[in-house]
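# Observations on the model geometry
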Amino acid sequence: MRTIQAKDIIEAVASMCIKANTELPDDVRAKFEQAMAEEDSPSAKEVLRQLLENADLAAETKLPLCQDTGLAVFFVEIGEDVVVEGGNLKEIINEGVRRGYGDGFLRKSSCDPFTRANTGDNTPAIIHFDIVPGDRLKISYMAKGGGAENMSRVTMLAPAQGWEGIKKYVINRVAEAGPNPCPPTIIGIGIGGTFDHAARISKKALLRRLDDTHPDPQIAAMEKELEEDINQLGIGPMGLGGKTTVLGVKMAVEPCHLASLPLAVNVQCHSQRHEEVEL
Ligand code: SF4
């Protein structure tokens, strides 16, 4: 068994929250640059230029990339041979969020759904746990802003609707979302499992690098097809028109009930803030 101390996890989580909210991932930056070179529309080019400038300023000043620093979402893989010393892992991660959002002066957005009273420290975090073989603890963090999350949907298609039905639903979702989720967006798609599981895997798919290729060539081709079709919508950066409505489409596919075809579309804005640590 391997022991990991609570204080090391708290420090790692706090610093992930700050870094992710102030440093744009290199794959997202590279996509902005590529899109700026490919766009013909002056307004689309200008929006992308401003997004790159915003990323430079955030890195330089350590101010957040966006004022909405999101709910703190975590995907945690805990090895079967790991012992956490000094507290309960859920509470430890929440303490890391409390410190990160406090020390980094990040906006606290978590509130009671009815009274709208702010919880004050951006907890509770949304934490998904997986138990895996080994003696490592892998924590992935994502800041999920309200504007993009509000545009996400889960639906249960009829199995006969198949790939054409999935494509139609996803394209309509992005079209209806329009400028609301601050495009260019990244679309995480969960297909299969159950109603709740599809939503979970659609969000986890957003953690993939924009420049990766799905290991299954058939799914990789579907991702490319959807990305091209969505970009034909012409919504463009910030909805001002252009070729770049999405920066990428990432799909996760798992078996489902023979009577169902669960589909989740998780919309992520251009401010794709995430970090990962392995302890
Ligand atoms: S959708 Fe994203 S970029 Fe737009 S305000 Fe929300 S967090 Fe910020």
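So, how was this worked out
- Residues numbered from 1 in each chain as written.
- Predicted model: local features only at pLDDT ≥ 70, side-chain atom pairs only at ≥ 80, totals over all residues.
- Heavy atoms only, no water.
- Domains from an automatic or database assignment.
- Contact = heavy atoms within 4.5 Å.
- Buried area = accessible area lost by both parts, 1.4 Å probe.
- Salt bridge = Lys/Arg side-chain N within 4 Å of Asp/Glu carboxyl O.
- Polar contact = N/O pair within 3.5 Å; in protein donor to acceptor, adjacent residues only side chain to side chain.
- Helix = DSSP H or I, 4+ residues; strand = E, 2+ residues; numbered from the N terminus.
- Nonpolar A, V, L, I, M, F, W, Y, C, P; charged D, E, K, R; others polar.
- Pairing = 2+ DSSP bridges.
- Axes fitted to C-alpha atoms, helices over the stretch in contact; angles between N-to-C directions.
- Buried < 20%, exposed > 50% of the residue type's maximum accessible area, 1.4 Å probe, protein only.
- Patch = residues over 30% accessible without salt bridge, like charges linked within 9 Å, V, L, I, M, F, W, Y side chains within 5 Å.
- Areas by Shrake-Rupley, 256 points an atom, 1.4 Å probe, with all protein chains shown as cover.
- Expected span 1.5 Å × (residues − 1).
- Arc of directions from axis to C-beta.

Another point: the domain arrangement of the protein chain. We note that the domain assignment places domain 1 (2-22 + 65-144) and domain 2 (147-272) within the protein chain. Once you take the C-alpha centre of each, domain 1 and domain 2 turn out to be 25 Å apart. Contact residues are listed per partner, giving 14 residues for domain 1 and 13 residues for domain 2. Across the domain 1/domain 2 interface, buried area totals approximately 990 Å², and carbon plus sulfur atoms make up 57% of it. Contact with domain 2 buries surface across domain 1, with Phe75, Met142 and Lys144 losing the most and accounting together for 57% of the total. Summed over the shared surface of domain 1 and domain 2, the result is four salt bridges. Note that Glu77 is salt-bridged to Lys204, the shortest N-O span being 3.6 Å. For the interface between domain 1 and domain 2, the tally reads three residue pairs in polar contact (both at pLDDT 80 or more). When contributions to the side of domain 1 that touches domain 2 are tallied by element, the ones reaching two or more residues are strand S2 (71-79), strand S4 (126-132) and strand S5 (137-144). With five residues, the top contributor of residues to the side of domain 1 that touches domain 2 is S5. Here the side of domain 1 that touches domain 2 is composed, by residue class, of eight nonpolar, two polar and four charged.

Let us look at the sheet that holds strand S9 (residues 261-268). Spatial ordering of the open sheet is given by S6-S9-S7-S8, a layout of four strands whose pairing is mixed. A strand with exactly one partner marks an edge of an open sheet, and here the two such strands are strand S6 (153-157) and strand S8 (246-256). Recorded for the sheet is a direction-independent mean angle of 15° between the axes of neighbouring strands. One ladder, built from eight bridges, connects strand S7 (residues 185-193) with S8; its direction is parallel. Looking at S8, one finds that Ile189 is bridged to Met251.

Turning our attention to the pattern of salt bridges. Evaluated as defined, the whole model comprises 29 salt bridges. For Lys7, the salt bridge identified is with Asp8, shortest N-O distance 3.3 Å. The residue Glu223 makes a salt bridge to Arg208 at a minimum N-O spacing of 2.9 Å. Here Glu223, found in helix H8 (residues 217-231), pairs with Arg208, found in the loop between helix H7 (195-204) and H8; they are 15 residues apart in sequence, far enough to count as distant. Residue Glu223 shares its accessibility class with Arg208, and that shared class is buried. Among the ionic contacts, a cluster of salt bridges with common partners joins Lys19, Glu23, Lys62 and Glu275.

Mapped onto the fold, Lys250 is located in strand S8. Judged by its relative accessible area of 4%, Lys250 falls in the buried class. Of note is the side chain of Lys250, whose polar atom sits 3.2 Å from the backbone oxygen of Leu210. Apart from the residues within four sequence positions on either side, Lys250 is in contact with Ile187, Gly188, Ile189, Ala205, Arg208, Arg209, Leu210, Asp212 and Glu223.

Side chains of Val154, Met156 and Phe195 sit close together on the surface and give an oily, nonpolar patch of about 260 Å² of accessible area. If you trace the backbone, Phe195 turns up in helix H7.

Over its 20 residues, helix H3 (residues 42-61) runs 28 Å from end to end, which matches the ideal 28 Å to within 8%, given 1.5 Å per residue. Taken residue by residue, H3 has Ala44, Val47, Leu48, Leu51, Leu52, Ala55 and Ala58 as its buried positions. Buried positions in H3, seen along its axis, are confined to an arc of 135° and lie on one side of it. Opposite the packed face of H3, turned more than 90 degrees from it, sit the exposed residues Pro42 and Glu60. In the core, the buried residues of H3 are packed alongside helix H1 (6-22) and helix H2 (26-38). Two residues or fewer after H3 comes Lys62, characterised by a positive phi angle close to 65°.

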